[in-house]
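# Secondary and tertiary structure notes
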Amino acid sequence: MLAGKRILLIIGGGIAAYKALELIRLFSKAGASVVPVLTRAGEQFVTPLSVSALAGARVHQELFDLTAEAEMGHIQLSRAADLVVVAPATADLLGKMATGRADDLASTLLMATDKRVLVAPAMNVRMWQHPAMRRNMALLAGDGVAVVGPDAGEMACGEFGPGRMAEPPAIVAAVEAMLGAGPLAGRHVLVTSGPTHEPIDPVRFIANRSSGAQGTALAAALRDLGARVTFVTGPATVPPPVGVAVVRVETAREMLGAVEAALPADAAVMAAAVADWRVANAGAQKMKKDGSGRAPALEFAENPDILARVSQGANRPKLVIGFAAETEKVVEHATAKRARKGCDWIVANDVSPETGIMGGSENAVVLISAEGAEVWPRMGKDAVARQLAERIAGALA
Ligand code: CTP
């Protein structure tokens, strides 16, 4: 059910636009209110009058509509919704989204929103399969845009294949899942991600090669199952997912502070590659060469072990999961790490350079729990994230 939810529905210009009318009816039936936006091309397929009559609301069409700006500016319009749905999402609209263009009301709203976006693509099969479209969809997936469909079948243009817009009930189901009707609805999950940077002086730091890809994928997968996610991230190269509460930190000690502030949680997943050591004698000013040719002597102090603190702390989540980056004896070291830190599961992986895992898009993990070691096949970090999120949902059920 979508009672009390507000959906910003952008109707693009494709023959499937007629299905958007049925979609509005289904959203209303499920208890949601729909704020419709009709693109200029969309208007060629459905009339503003039928859209507004079904939605019981004004249709927004023009970017520079002064009356609307006085009532509700386009920024506010994009933020007041719980979710943005683009149906049909044409090749043109998806292309604009992928490249960040904002030259009409729909594309501007899509750039300005801070809410999650679901697209229901609809186009000719050749267009859907075109390399440019593949590129755009990959970019949009990276931006956290959710996709429903397209379905395969006979198309209005007479060709056959994928490209038909998903049926309205499937779009409503996807919206329900995104708005927290999933198995982790009502749960709070804390995820740490990325490297930490430990300063040497104001301009230099010690870091590691973590991109934050696995932690980011995990946060997105948990969010997709309906969890409220707090994402505590070091300076990662992969941007954080949308639809989660992002807390940016730099050092291990800052990460510990952010983690403790985010508790209580039902589960904590520590995917961050935390620096074990910080520079104890970090300079307040930039360290200068003294001309003697002698290297400066850095002294190190051990950083707090965030995973161990959370596992052994008073506010311990029901499920605490650590990661173990190893370069040899993966199962042996990870099993010992699980016992030493006191967490429930350890997701272990081999980060030897030849595996290409650290900084790469794939992962090959072993899940260590009280039941022993479970070897997962090598797969994309997104797939690892989805499987792990489902396991977490199962353990919290
Ligand atoms: N971790 C942490 N705080 C630290 C170091 C690590 O919370 N100061 C967490 C990581 O987020 C990860 C797990 O501990 O979930 C394992 O990290 P890893 O660096 O692989 O293990 P270490 O504890 O550093 O052990 P070792 O140095 O023996 O590999």
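Located above this text is the structure these notes cover.
This structure is a prediction, so every number in the text was calculated from the model and none was measured. (Residues numbered from 1 in each chain as written. Predicted model: local features only at pLDDT ≥ 70, side-chain atom pairs only at ≥ 80, totals over all residues. Heavy atoms only, no water.)

Attention shifts here to the overall build of the protein. Looking only at helices and strands, the protein has 14 helices and 21 strands in total. Its C-alpha atoms give the protein principal-axis dimensions of about 75 × 55 × 40 Å. Residues classed as buried in the protein amount to 50% of the 397 residues present. For the protein, restricting intrachain contacts to residue pairs at least 6 apart in sequence, the fraction spanning at least 24 positions comes to 67%. Carbon together with sulfur atoms contributes 54% to the accessible area of the protein, which is approximately 18,600 Å² in total. Between the averaged position of the 40 positive side-chain charges in the protein and that of its 40 negative side-chain charges there is a distance of 2 Å. (Helix = DSSP H or I, 4+ residues; strand = E, 2+ residues; numbered from the N terminus. Buried < 20%, exposed > 50% of the residue type's maximum accessible area, 1.4 Å probe, protein only. Contact = heavy atoms within 4.5 Å. Areas by Shrake-Rupley, 256 points an atom, 1.4 Å probe, with all protein chains shown as cover. Lys, Arg positive; Asp, Glu negative; His and termini not counted. Charge placed at Lys NZ, Arg CZ, Asp CG, Glu CD.)

In this section: the site of the ligand. Looking at the ligand, there are 15 residues lining it, with Met270, Ala272, Leu307, Phe323 and Lys341 nearest. Taking Ile306, its main chain carries an N or O atom lying 3.0 Å from a nitrogen atom of the ligand. For the ligand, whose unbound accessible area comes to 570 Å², protein coverage reaches 79%. Because more than half of its atoms lie within 2 Å of the grid, the ligand is assigned to the largest pocket. Of all elements in the fold, only helix 12 (306–312), strand 16 (319–326) and helix 13 (330–341) reach the threshold of two or more residues within the shell around the ligand. Per-class residue counts for the shell around the ligand are 9 nonpolar, 1 polar and 5 charged. (Near = heavy atom within 4 Å. Polar contact = N/O pair within 3.5 Å; in protein donor to acceptor, adjacent residues only side chain to side chain. 1 Å grid on protein atoms, 1.4 Å probe; cavity = no way out; pocket = protein on both sides within 12 Å on 5 of 7 lines; lining within 4 Å. Sits in = over half its atoms within 2 Å of the grid points. Nonpolar A, V, L, I, M, F, W, Y, C, P; charged D, E, K, R; others polar.)

It is worth spelling out the environment of Asp350 at this point. For Asp350, the position within the fold is in strand 17 (residues 345–350). Taking C-alpha positions, Asp350 is 45 Å from Ala106, a pair spaced 244 residues apart along the chain. Leaving out residues up to four positions away in the same chain, Asp350 has contacts with Glu326, Thr327, Val330, Thr355, Ile357 and Ala364. A polar contact is formed between the side chain of Asp350 and the side chain of Ser352, at a distance of 2.5 Å.

Right, let's get into the pairing of strand 17. Among the 6 residues in strand 17, 5 count as buried, and that is most of the element. Pairing between strand 16 and strand 17: 6 bridges, direction parallel. Bridge pairing links Ala325 to Asn349 in strand 17. Running through helix 13, the crossover from strand 16 to the neighbouring parallel element strand 17 is right-handed. As paired elements, strand 17 and strand 19 (residues 365–369) share 4 bridges and run antiparallel to each other. Its bridge partner lying in strand 19, Val347 is registered against Leu367. (Pairing = 2+ DSSP bridges. Right-handed = clockwise from strand over helix to strand, strands pointing away.)

The next point concerns the nonpolar core. In this structure, Ile11, Phe27, Val85 and Ile171 are the most contacted members of the largest nonpolar core, which totals 35 residues. For this core, the element with the highest residue contribution is helix 1 (residues 17–29), accounting for 7 residues. In this structure Ile11 touches Ala17, Ala20, Ile24, Val37, Leu38, Thr39, Gly42, Val46, Val51, Ala87 and Pro88, once residues within four positions along its chain are discounted. Listed in part, the 32 residues of the second largest apolar core include Phe231, Val269, Trp376 and Ala393. (Core = buried A, V, L, I, M, F, W, Y, C linked by side-chain atoms within 4.5 Å.)

Each full turn of the α-helix corresponds to 3.6 residues, which orients residues three or four apart in the same direction. Counted at 1.5 Å a residue, the expected span for helix 13 with its 12 residues is 16 Å, and the 16 Å between its end C-alpha atoms agrees. Buried within helix 13 are the following residues: Val330, Ala334, Lys337 and Lys341. End-on, the buried residues of helix 13 take up no more than an arc of 55 degrees, which puts them together on one face. What points out from helix 13, more than 90 degrees from its buried face, is the exposed set Glu332, Ala339 and Arg340. Check the buried side of helix 13 and you find it contacts helix 12, strand 16, strand 17 and strand 19. Just downstream of helix 13, Gly342 is the residue with a positive phi angle, here 85 degrees. (Expected span 1.5 Å × (residues − 1). Arc of directions from axis to C-beta.)

Let us look at the sheet that holds strand 19. The 8 strands lie next to each other as 12-11-8-13-16-17-19-20, forming an open sheet whose pairing is mixed. In this open sheet, the two edge strands, each paired with only one partner strand, are strand 12 (245–248) and strand 20 (372–375). Along the sheet, successive strands turn relative to each other by an average axial angle of 15 degrees, direction set aside. Across the sheet, helix 11 (residues 252–262) is in contact with strand 8 (188–193), strand 11 (228–233), strand 12 and strand 13 (267–270); its angle to strand 8 comes to roughly 175 degrees. (Axes fitted to C-alpha atoms, helices over the stretch in contact; angles between N-to-C directions.)

Let's shift gears to the sheet that holds strand 1 (residues 6–11). Pairing in this open sheet of 5 strands is parallel, and the strands run 2-1-3-4-5 from one edge to the other. What marks the edges here is a single partner per strand, and that holds for strand 2 (33–38) and strand 5 (146–147). Together, strand 1, strand 2 and strand 3 (83–89) form the strand contacts of helix 1, whose direction differs from that of strand 1 by roughly 170 degrees.

Turning to the pattern of salt bridges, a few remarks are in order. Following the criterion strictly, the structure yields 16 salt bridges and no others. Of the charged contacts, one joins Arg391 and Glu374 as a salt bridge, the two residues approaching to 2.5 Å between their closest N and O atoms. Within this pair, whereas Arg391 is found in helix 14 (residues 381–396), its partner Glu374 is found in strand 20, the two being separated by 17 residues in sequence. What makes Arg391 partly exposed here is its relative accessible area of 34%. Ionic contacts of the salt-bridge type, sharing partners, join the residues Lys96, Arg101, Asp103 and Asp104 into one network. (Salt bridge = Lys/Arg side-chain N within 4 Å of Asp/Glu carboxyl O.)

Time to look at the packing of helix 5 (residues 91–99) against helix 8 (residues 131–142). With their axes 9 Å apart at the nearest point, helix 5 and helix 8 run at an angle of 50 degrees to one another. Taken together, the axis directions place helix 5 and helix 8 in an arrangement best described as oblique. Two packed elements cross with a definite hand, and for helix 5 against helix 8 that hand is left-handed. Contacts between helix 5 and helix 8 involve Ala91, Leu94, Gly95, Met97 and Ala98 from the former and Met133, Asn136, Met137, Leu139 and Leu140 from the latter. Its residues assigned to classes, the contact of helix 5 with helix 8 shows 8 nonpolar, 2 polar and no charged. (Parallel < 35°, antiparallel > 145°, perpendicular 65-115°, else oblique. Left-handed = near helix turned anticlockwise from the far one by under 90°.)

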